[in-house]
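Residue-level listing of the chains:
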Amino acid sequence: MILVGLILLLIGFLTGLSFLWTIGVILLVVGAVLWVLGSVGHAVGGRRHYW
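Residues numbered from 1 in each chain as written. Predicted model: local features only at pLDDT ≥ 70, side-chain atom pairs only at ≥ 80, totals over all residues. Heavy atoms only, no water.

It is worth spelling out the environment of Leu28 at this point. Relative to the helices and strands, Leu28 is located in helix α2 (residues 18-39). Here Leu28 falls in the partly exposed class, since its relative accessible area comes to 24%. Sequence separation between Leu28 and Ile7 is 21 residues, and the spatial gap between their C-alpha atoms is 9.7 Å. Those residues in contact with Leu28 that sit more than four places away from it in its chain are Ile2, Gly5, Leu6 and Leu9. (Helix = DSSP H or I, 4+ residues; strand = E, 2+ residues; numbered from the N terminus. Buried < 20%, exposed > 50% of the residue type's maximum accessible area, 1.4 Å probe, protein only. Contact = heavy atoms within 4.5 Å.)

What follows is the structure, encoded as structure tokens:
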């Protein structure tokens, strides 16, 4: 999810499409939150780790 967010951020920035930029930021933030939750040991979506 973090990788897809970064790709959309890059595409949105290079093409000037603001909706891709917005979706990229949202995916990046959600991916980072899930990664942090999985790293500290919380079960995310029924799994002990996110990846």
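What follows concerns the packing of aromatic side chains. For the structure on display, the rule yields 1 aromatic pair. With centroids separated by 6.1 Å and ring planes inclined at 45°, the aromatic side chains of Phe13 and Trp21 adopt a geometry described as tilted. What makes Phe13 exposed here is its relative accessible area of 60%. What makes Trp21 partly exposed here is its relative accessible area of 39%. (Phe/Tyr/Trp six-rings, centres within 6.5 Å; stacked < 30°, edge-to-face > 60°.)

At a minimum axis distance of 7 Å, the contact between helix α1 (residues 2-15) and α2 shows a crossing angle of 160°. Taken as axis vectors, α1 and α2 run roughly antiparallel relative to one another. Here α1 and α2 pass one another in a crossing that is left-handed. Facing Ile2, Val4, Gly5, Leu6, Leu8, Leu9, Ile11, Gly12 and Phe13 of α1, the residues of α2 in contact are Leu20, Trp21, Ile23, Gly24, Val25, Leu27, Leu28, Gly31, Ala32 and Trp35. When the residues that make up the contact of α1 with α2 are grouped by side-chain class, the tally is 15 nonpolar, 4 polar and no charged. (Axes fitted to C-alpha atoms, helices over the stretch in contact; angles between N-to-C directions. Parallel < 35°, antiparallel > 145°, perpendicular 65-115°, else oblique. Left-handed = near helix turned anticlockwise from the far one by under 90°. Nonpolar A, V, L, I, M, F, W, Y, C, P; charged D, E, K, R; others polar.)

Our focus in this paragraph is α2. Each α-helix turn comprises 3.6 residues. Residues three or four places apart therefore point the same way. In this model, α2 (22 residues) spans 31 Å end to end at C-alpha, consistent with the 32 Å of a helix rising 1.5 Å per residue. Listing the buried residues of α2 in full gives Leu20, Gly24, Gly31, Leu34 and Gly38. Buried residues of α2, seen end-on, are gathered within an arc of 105° and therefore sit on one face of the element. Those residues of α2 that are buried lie in contact with α1. (Expected span 1.5 Å × (residues − 1). Arc of directions from axis to C-beta.)

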